[in-house]
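# Observations on the three-dimensional arrangement
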Amino acid sequence: MNQSYAVSGKSCRRALFTFALAGALGACGVSATSVNDAPGAGDDAGGDDRDASSAARKGSDGGSSSDAAAHDASADGSVLKPVGDGAIYDWNVQPSTSSIFASGVWGSGASDVWAAGGTDVYHSTGDGTWTAQATGSLVSVNAVWGSSGSDLYAVGDNQILHSTGNGTWTAQTSSVGGTPGGLFNSVWGSSANDIYAVGEPGVLYVSDGHGGVWHPQDSLGSSTLECVWGSSQTDVYVVSTAGEIFHSTGFGEWTTQTSGTLYPLYGIWGSSASDVYAVGDGQILHSSGNGTWTKQTISTAQTLRAVWGSSSSDIYAVGQDSTLLHSTGDGTWKKQTSGASASTSFFALWGSSSADVYLVGSDGIFHRP
């Protein structure tokens, strides 16, 4: 089915579950809600539309711990050696990050990496140490993205922040007055002059990067928008907790693509316009960019929060109960282990290459050199 949504002056707001002590929520691939009854591997997720129930992330995502190896992980940077895809990968817990509830990560390169956690944004030069930058926010910062290391955005509860990379973060404004209304989950742009921020319920803002002003577009329904990603200015996707996949050619018009599921989708990413993945509750979908989505075979029913790859043949999907899956792009996915505790939830990942990948979640920041 194809349903169109056009640009308008509407400003939308949503309510978001918040953590005690301002724990961070809602990075791309992270939800404000947790679904306890995810479909099993190979099940038809289109059978019924289940409501998502709010639950505290850390240690309470539910599901079987058998989907993750319960290795001991220390916060002193000790090297962990998980096995997957027939090879040994070295992951380490970045020093002094085990107490950070990290929900988003992005970098402009190997020596310029940013993570969202709590009310702060953290920066690393790639040496394993992370420096907190105060955003001035009293609520959670959920995701971070930039067009470069000197043009950075962080989004969260009723806020879109900007930094030039100097450690100072400034609140952006809305074209209809005040600050952008909504509790934002994700931010992404095709360039410094074409940026999107999405949230709940159906909240969608765009900016051309000039003057720190954001413009509301028509609400994309009433469901929470979890993640925005695109291959270019004319090829942009948004996924929702109702299993919806919206697509835009970049002119304010959105169409709904048939995903084949009613279960929540939390993350979307592609290696190109013709190789796109969406992940959610016990499922991974793939599209060649033609509007058709196909379910791929996975060996877990766990909720997947994010997907990312260094190329079309090196893709990861991560989620609750330390779930870490890898694919070479052949349509099959194999479990890997990160060394994190079985109760760890992973919310986002990013890398500068296949040999430099960051994985963030409820127990800190992990790195695979």
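Residues numbered from 1 in each chain as written. Predicted model: local features only at pLDDT ≥ 70, side-chain atom pairs only at ≥ 80, totals over all residues. Heavy atoms only, no water.

## Brief notes about the overall build of the protein chain
Keep this limit in mind: In DSSP terms, a helix is any run of H or I states spanning at least four residues, a strand is any run of E spanning at least two, and both are numbered starting from the N terminus. Three exposure classes are used, based on accessible area relative to the maximum for each residue type with a 1.4 Å probe and protein chains only: buried under 20%, partly exposed in between, and exposed over 50%. A contact between two residues is defined here by any heavy atoms of the two lying within 4.5 Å. Only the protein chains shown count as cover for residues, with accessible areas throughout obtained via the Shrake-Rupley method and a probe of 1.4 Å.
Along its length, the protein chain carries zero helices and 32 strands. Residues classed as buried in the protein chain amount to 58% of the 369 residues present. Long-range contacts, defined here as pairs at least 24 residues apart, represent 51% of the contacts in the protein chain between residues at least 6 apart. As displayed, the protein chain has an accessible area near 12900 Å², and 50% of this comes from carbon and sulfur atoms.

## Describing the confidence of the model for the protein chain
To keep it simple, the criterion reads: pLDDT runs from 0 to 100 and stands for how confident the predictor is about each residue.
On average, the protein chain scores 80 in pLDDT, and the residues at 70 or more come to 76%. Note that pLDDT drops below 50 for residues 31-88; the model gives that stretch 154 contacts with residues more than four away or on any other chain.

## Observations regarding the nonpolar core
The cut-off we apply is this: Think of a nonpolar core as a cluster: buried Ala, Val, Leu, Ile, Met, Phe, Trp, Tyr and Cys residues, connected wherever their side-chain atoms sit within 4.5 Å.
Among the nonpolar cores identified, the biggest contains 81 residues, and Ile268 and Ile284 are the most heavily contacted of them. Setting aside its immediate chain neighbours within four residues, isoleucine 284 contacts Tyr277, Ala278, Val279, Thr294, Lys295, Gln296, Ile298, Leu304, Ala317, Leu325 and Trp333.

## Description of the environment of serine 232
The topology assignment puts serine 232 in strand β18 (residues 225-232). Taking the C-alpha atoms as reference points, serine 232 and aspartate 194, separated by 38 residues in sequence, lie 9.6 Å from one another. With near-sequence residues (within four places) excluded, serine 232 lies in contact with Trp188 and Ser190.

## Quick notes on the packing of aromatic side chains
For the record, the criterion: Any Phe, Tyr or Trp ring, taking Trp's six-membered ring, that has another such ring centre within 6.5 Å forms a pair; planes under 30 degrees apart are called stacked, those over 60 apart edge-to-face, and the others tilted.
Applying the stated rule across the entire model yields 13 aromatic pairs. Seen from their ring centres, tryptophan 106 and tryptophan 145 are 6.4 Å apart, and the 50 degrees between their planes marks the pair as tilted. Taken together, the positions of tryptophan 106 in strand β5 (residues 102-109) and tryptophan 145 in strand β9 (residues 141-148) put the pair 39 residues apart, joining distant regions of the chain. This pair shows no difference in class: tryptophan 106 is buried, exactly as tryptophan 145 is. An aromatic cluster is defined as three or more aromatic residues linked by ring pairs; in this entry it consists of Trp106, Trp145, Tyr153 and Trp214.

## Here we look at unusual backbone geometry
Trans is the prevailing form of peptide bonds, just as negative phi is the prevailing case for residues other than glycine. Backbone torsion omega between glutamate 200 and proline 201 reads -10 degrees, so that peptide bond is classified as cis. Phi at serine 96 is positive, roughly 65 degrees, even though this residue is not glycine. Inspection of the secondary structure puts serine 96 in the loop between β4 (91-93) and β5. Residue class for serine 96 comes out exposed when judged on its relative accessible area of 64%. For serine 322, which is not glycine, the phi dihedral falls at a positive 50 degrees. By the element assignment, serine 322 lies in the loop between β27 (314-319) and β28 (324-327). Relative accessible area serves as the criterion here: at 4%, serine 322 is assigned to the buried category.

## Some details on the pairing of strand β23 (residues 275-280)
Note the following rule: Should DSSP find at least two bridges between two strands, the strands are regarded as paired.
β23 sits mainly inside the fold: six of its six residues count as buried. In β23, alternate side chains face the same way, and those of Asp275, Tyr277 and Val279 on one face and Val276, Ala278 and Gly280 on the other are all buried. Where strand β22 (residues 265-272) and β23 come together, six bridges link them in antiparallel fashion. Across the sheet, isoleucine 268 pairs through a bridge with alanine 278, a residue of β23. Inspection of the sheet shows β23 paired to strand β24 (residues 283-287) by five bridges, in the antiparallel sense. Following the sheet pairing, valine 276 is matched in β24 by serine 287.

## Focus: the side chain of glutamine 283
Let me state the cut-off plainly: Between N or O atoms, a polar contact is any pair within 3.5 Å; within protein, one atom must be a potential hydrogen donor and the other a potential acceptor, and residues adjacent in sequence are included only when both atoms are from side chains.
Mapped onto the fold, glutamine 283 is located in strand β24. When its relative accessible area of 1% is taken as the criterion, glutamine 283 is described as buried. Within polar-contact distance, the side chain of glutamine 283 engages the side chain of threonine 261 at 3.2 Å.

## Re the sheet that holds strand β19 (residues 235-240)
The following threshold applies: Angles here are taken between N-to-C directions and fall from 0 to 180 degrees, while the axes themselves are lines fitted to C-alpha atoms, restricted in helices to the stretch in contact.
Spatial strand order, β18-β19-β20-β21: four strands in an open sheet with antiparallel pairing. With one partner strand each, in any of the chains shown, β18 and β21 (254-257) form the two edges of the open sheet. Sheet twist, expressed as the average angle between the axes of neighbouring strands with direction ignored, equals 25 degrees. Across four bridges, β19 lies against strand β20 (residues 245-248) in antiparallel orientation. Paired with valine 236 across the strands is serine 248, a residue of β20.

## Examining the pairing of strand β30 (residues 346-353)
Consecutive side chains of a regular strand alternate in pointing toward one face of the sheet and then the other. Extensive coverage of β30 is indicated by the burial of six of its eight residues. Strand direction decides the pairing type here: β30 and strand β31 (residues 356-361), joined by six bridges, are antiparallel. Across the sheet, residue glycine 351 finds its bridge partner in β31, namely valine 357. With antiparallel pairing between neighbouring strands as the criterion, β30 and β31 make up a hairpin whose turn holds two residues.

## Some remarks on the sheet that holds strand β12 (residues 170-171)
Spatial ordering of the open sheet is given by β9-β10-β11-β12, a layout of four strands whose pairing is antiparallel. Strands with a single pairing partner mark the edges of an open sheet, and in this sheet they are β9 and β12. Pairing of strand β10 (residues 151-156) with strand β11 (residues 159-163) involves five bridges; the strand directions are antiparallel. Within β11, the residue paired with alanine 154 across the bridge is leucine 161.

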